[in-house]
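Analysis of the macromolecular model
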Amino acid sequence: MKSNILVLGGTGKTGRRIAHILQNQGHNVRIGSRNGNPAFNWNDPKTYADALKGMDCAYISYHPDLAIPGAKEAIQTLTETALKQGLEKVVLLSGKGEKEAEACEEIVANSGLNYTVVRASWFNQNFSESVFLDAVLAGHLALPMAAAKIPFVDADDIAEVAVKALIDDSLNGQIITVTGPEKITFEEAVQTIAKATNRTINFQEISLNDYLEGMKNAGVPEDFVWLLGYLFEVVIANTDNQMVSHDIEKVLGRKATSFTEFATKTAATGIWNQSIPQTL
Ligand SMILES: NC(=O)c1ccc[n+]([C@@H]2O[C@H](COP(=O)([O-])OP(=O)(O)OC[C@H]3O[C@@H](n4cnc5c(N)ncnc54)[C@H](OP(=O)(O)O)[C@@H]3O)[C@@H](O)[C@H]2O)c1
């Protein structure tokens, strides 16, 4: 059994869940983040060795996205350092339909380490812990690509798959594609949340340009605005990326969480009952 496990992004959407499951299973978990001990910073390769030292395996969630310039170099340096530090295996969280992310997958596959790639569709938790939360709280989500149907995946499912990949060598060398069980539009997602919370949430289609301008005007950093543009234009717009995969069921022996199930369990946490942000 692998007992010393580094979870990069260990306080983020997937990493927090993975760390929690592993700790409950009795593994020794080290959280890799800028606030970790030792501190780990993707932008400072000098921090990599200390974070990896003494670990048997590592979960890699890159921040903010493997598509950004500099990600490939960071993954290359991280895997080389992991090999030097004697790690046996890494599990890489990747993005479905991103060719830059696939280049990072290749680096991991050729690193000399055992590996599993978990290639994920857009997360349900973007509506509850991330980029769309404020708009959901404000009761008005305006997005481009209203017709796109996306197999949103649940971060709890991703975490369970990643944990299995970390501790079970039968998944070595595999790319596991994780999606939800059905494809839905942004509007259907919002209406599912509205129903679960008994609130009115409006959806409005806007152009990609207007969306990105709005983000800039709201003070979102340039590089994050670029990333959002890329994710809509390249990842969401490509219908080939939006196929439902049954890998979660194959790995976990149960069906993937549906968006309705996500909305019901998340509504019960009260996260969508917070007061509306003043900025919107
Ligand atoms: N959201 C989606 O729909 C989606 C879909 C497919 C793939 N993905 C992939 O998922 C990955 C992100 O995973 P996630 O959503 O679980 O994480 P997340 O919530 O975005 O991650 C935040 C974590 O990253 C850490 N972090 C932030 N900046 C850092 C830095 N410079 N150095 C080191 N750590 C840093 C944070 O800790 P500190 O602040 O303490 O440093 C925190 O632990 C990305 O690679 C993305 O491409 C996302």
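Cut-offs used in this document
- Residues numbered from 1 in each chain as written.
- Predicted model: local features only at pLDDT ≥ 70, side-chain atom pairs only at ≥ 80, totals over all residues.
- Helix = DSSP H or I, 4+ residues; strand = E, 2+ residues; numbered from the N terminus.
- Buried ≥ 20, exposed ≤ 12 C-beta atoms within 10 Å, placed from the backbone.
- Contact = placed C-beta atoms within 7 Å.
- Pairing = 2+ DSSP bridges.
- Axes fitted to C-alpha atoms, helices over the stretch in contact; angles between N-to-C directions.
- Near = placed C-beta within 6 Å.
- Nonpolar A, V, L, I, M, F, W, Y, C, P; charged D, E, K, R; others polar.
- Core = buried A, V, L, I, M, F, W, Y, C linked by C-beta atoms within 7 Å.
- Arc of directions from axis to C-beta.
- Parallel < 35°, antiparallel > 145°, perpendicular 65-115°, else oblique.
- Left-handed = near helix turned anticlockwise from the far one by under 90°.

Secondary structure assignment for the protein chain yields eleven helices and eight strands. Viewed in the frame of its principal axes, the protein chain has a C-alpha envelope of about 50 × 40 × 35 Å. In the protein chain, which comprises 280 residues, the share counted as buried stands at 39%. For the protein chain, the proportion of contacts with a sequence separation of at least 24, taken over those separated by at least 6, is 78%.

Turning our eyes to something else, we now look at the sheet that holds strand β4 (residues 89–95). With parallel pairing, six strands are arranged side by side in an open sheet as β2-β1-β3-β4-β5-β7. Bordering the open sheet on either side are β2 (28–32) and β7 (175–178), each of which pairs with just one other strand. Put simply, the sheet's adjacent strands are angled 15° from each other on average, direction ignored. By the bridge criterion, four bridges tie strand β5 (residues 114–120) to β7 in an arrangement that is parallel. For R119, the partnering residue across the bridge sits in β7 and is T177.

A separate point is the site of the ligand. The ligand sits among 25 residues. The nearest are G12, T14, S33, R34 and D65. A per-element tally of the shell around the ligand places helix α1 (residues 13–24) first, with three residues. Tallied by class, the residues present in the shell around the ligand amount to eight nonpolar, 14 polar and three charged.

Below, the discussion takes up the nonpolar core. Counting residues in each nonpolar core, the largest one holds 74 residues, and the members touching the most others are A58, I60, V90, V118 and A162. It is helix α6 (residues 155–167) that contributes the most residues to this core, nine residues altogether. Discounting chain neighbours no more than four positions away, the residues touching V90 are C57, A58, I60, T79, A82, V108, L113 and Y115.

This paragraph deals with unusual backbone geometry. In this chain, N37 is followed by P38 through a cis amide linkage whose omega measures 5°. With respect to the helices and strands, P38 occurs in the loop between β2 and α2 (48–52). In the segment running from H63 into P64, the intervening peptide bond is cis, with an omega of 0°. With respect to the secondary-structure elements, P64 resides in the loop between β3 (57–60) and α3 (71–84).

Those residues of helix α11 (residues 259–269) lying buried are F259, F262, A263 and T266. Angularly, the buried residues of α11 cover 95° about the axis, an arc narrow enough to put them on a single face. Buried-residue contacts for α11 involve α7 (186–197). Backbone geometry just after α11 places G270 at a positive phi near 85°.

A few words on the packing of α7 against α11. Two elements in contact, α7 and α11, have axes separated by 9 Å at closest approach and are oriented at 40°. As far as their axial angle goes, α11 and α7 are oblique. As α7 runs across α11, the sense of the crossing is right-handed. Together, A189, T192, I193, A196 and T197 of α7 and F259, T260, A263, T264 and A267 of α11 make up the contact between the two elements. For the contact of α7 with α11, a count of residues per class yields six nonpolar, four polar and no charged.

Quick look at helix α4 (residues 99–109) now. Along α4, the positions that sit buried rather than exposed are A101, C104, I107 and V108. Viewed along the axis of α4, the buried residues span an arc of 105°, placing them on a single side of the element. Residues of α4 that are buried sit in contact with α3, β4 and β5.

What follows covers the environment of F123. When you line up the elements, F123 lands in the loop between β5 and α5 (133–138). Each C-alpha atom of the pair F123 and K46 lies 31 Å from the other, and the pair is 77 residues apart in sequence. Leave out the neighbours within four places in its chain, and F123 touches K13, F152, V153 and A155.

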